[in-house]
Structures are given as C-alpha cells and as structure tokens.
Amino acid sequence: VYRARAMNALRAGVDSIFLCNYVWNDAEHVQLLNQIGDIKTLEHTNKIYYADPRGRQLGSRWLEKGERFFTYQRPFSPENPSILKQNRSQKVSLLIGDDVSSAKAHGFSVKLTLAVQIKGLTGNCDILVKLNDTLLTDYVSEGNESDQWLHYKVSPEVVQLGKNGVEFSLAK
C-alpha cells in the first residue's frame, strides 16, 4: 500500500514523502524507505492500489466540519460502501501510478488482480464488473453470501497509467 500511494503522490508532483511514525526495524522496511522517494525506484515493484483506502471518516477529527474540504467524488471505501440496484451501475475511479504496459518490455512479468468485496449478494443474482469498459469474467470467489470477495484476473493491456474506471452492476 505504501508503494502504491507513494507512486500516485510522486506522479502528482510532490517533492518528497514523509512517513509519520513509520517503524523501520528490518531490511524490508528499509528497502521501502529507499524506494518511495523516486518513481524510478518504485517502477516494477509490487503494489496494492485502493479506490479510497481511508474514506472521509477522519475529516473532522482535527478540524470542526473538516469533511467540507474534501472536493473529490464521494469515496468508495469500507466505511462508505455503495448499494447496487437493478438497472443502475456504480462507477469508481482507481488511480494507478504504474505504466503496467511497459513492464513486459523491461523483462518483468505482470500479474494483476482486481479484488472486490461484496456483501449481501443472494440468490440468483450475479455482479458484472468492468475495468475501463472491459468486462472482467475470469474470477475466483472466496467467502459466503454475507461477505464475499471476488478476485478478477486483469490483462495488463486493460490498465492505464492514471485514472481507471471500474464499473459495477447487477446482471439482468
């Protein structure tokens, strides 16, 4: 998660990354510190991207009515899920800081997975998931109807550097 968030921040033009209270007590943590300051050192490393990992729940923790300063779209996070309804799709932006399509040219293999958590999908109802208008069909399901994870295989050609659109809908 740190690598993905640092890559997005660097692509957005920040000058440096500061990690408050980050404990770096082993070689893996030191490696991360050496990587997150430069796009070149972050390229082709493993990352986990989230639509919005934190949501807005902390917006007013330090500033009264602090959530009013959020200007981006309503977050899509575990604290603020969307409800799918028949004949209506839900769209989410997923910011990807990696040029995934260039990895193969640099000798790296790419394995991409889009993980989607679904709660309360019951009976004869299926979900359709599209990434950048490409329907994803190859997935593995884990869990049960009350809390299910769908892990979709994603082709590198589908992912774009920058904003990616993920669309969810119920099958008819």
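Residues numbered from 1 in each chain as written. Predicted model: local features only at pLDDT ≥ 70, side-chain atom pairs only at ≥ 80, totals over all residues. Heavy atoms only, no water.

Chemist: Honestly, the packing of aromatic side chains in this entry has me stumped. Any pointers?
Modeler: Ring pairs (aromatic) are described by centroid distance and by the angle formed between their planes. By the definition in use, this model includes one aromatic pair. Judged by centre distance (5.1 Å) and plane angle (45°), the ring pair of Tyr139 and Tyr152 falls under tilted. With Tyr139 in strand β5 (residues 139-144) and Tyr152 in strand β6 (residues 147-154), the pair connects residues that are 13 residues apart, well separated along the chain. Residue Tyr139 is classed as partly exposed on the basis of its relative accessible area, which comes to 40%. (Phe/Tyr/Trp six-rings, centres within 6.5 Å; stacked < 30°, edge-to-face > 60°. Helix = DSSP H or I, 4+ residues; strand = E, 2+ residues; numbered from the N terminus. Buried < 20%, exposed > 50% of the residue type's maximum accessible area, 1.4 Å probe, protein only.)

Chemist: Any chance you could explain the sheet that holds strand β7 (residues 162-170) here in plain terms?
Modeler: Sheet strands line up and pair through hydrogen bonds in the backbone, either parallel or antiparallel. With antiparallel pairing, the four strands of this open sheet are ordered in space as β1-β7-β3-β4. Among the strands making up the open sheet, the edge pair consists of β1 (90-96) and β4 (134-136). Neighbour to neighbour, the strand axes of the sheet diverge by 30° on average, direction disregarded. (Pairing = 2+ DSSP bridges. Axes fitted to C-alpha atoms, helices over the stretch in contact; angles between N-to-C directions.)

Chemist: So what exactly am I meant to see when it comes to the side chain of Asn132 here?
Modeler: Structurally, Asn132 is set in the loop between β3 (127-131) and β4. For Asn132, a relative accessible area of 18% translates into the label buried. Within the structure, Asn132 has its side chain in polar contact with the backbone oxygen of Val158 (distance 2.8 Å). Reaching out from Asn132, the side chain makes a polar contact with the side chain of Asn164 at a distance of 2.6 Å. Discounting chain neighbours no more than four positions away, the residues touching Asn132 are Val158, Val159, Gln160, Asn164 and Gly165. (Polar contact = N/O pair within 3.5 Å; in protein donor to acceptor, adjacent residues only side chain to side chain. Contact = heavy atoms within 4.5 Å.)

Chemist: Is there a simple way to explain helix α1 (residues 2-12) in this structure?
Modeler: Residues three or four positions apart in an α-helix share a direction because the helix packs 3.6 residues into each turn. Listed in full, the buried residues belonging to α1 are Arg3, Ala4, Ala6, Met7, Asn8 and Leu10. Considering only its buried residues, α1 is in contact with α2 (27-35), α3 (39-42) and β1.

Chemist: What exactly am I supposed to notice about the pairing of β7 here?
Modeler: The two faces of the sheet receive side chains in turn, since in a regular strand these alternate between them. For β7, the tally of buried residues reaches seven of nine residues, placing the bulk of the element in the interior. Here β1 runs beside β7; their pairing, made up of seven bridges, is antiparallel. Looking across to β7, one finds that Ile96 is bridged to Gly162. Here five bridges tie β3 to β7, and the two strands are oriented antiparallel to one another. Bridge pairing in β7 links Leu131 to Val166.

Chemist: Would you take a moment to explain unusual backbone geometry for this structure?
Modeler: Note on backbone geometry: most residues besides glycine have negative phi, and most peptide bonds are trans. In the Ramachandran plot, Asn87 falls in the positive-phi region, its phi being about 65° despite a non-glycine side chain. By the element assignment, Asn87 lies in the loop between α3 and β1. Classification of Asn87 by relative accessible area gives exposed; the value is 63%. In this model, Asn132 sits at a positive phi of 50°, which is unusual for a non-glycine residue.

Chemist: What is the right way to read the side chain of Gln35 from this model?
Modeler: Along the chain, Gln35 falls in helix α2. Judged by relative accessible area, Gln35 falls into the buried class, the value being 10%. Within the local environment of Gln35, its side chain forms a polar contact with the side chain of Arg3, the two groups lying 2.6 Å apart. Gln35 has contacts with Arg3, Thr41, Leu42 and Thr45, leaving out every residue within four places of it along the chain.

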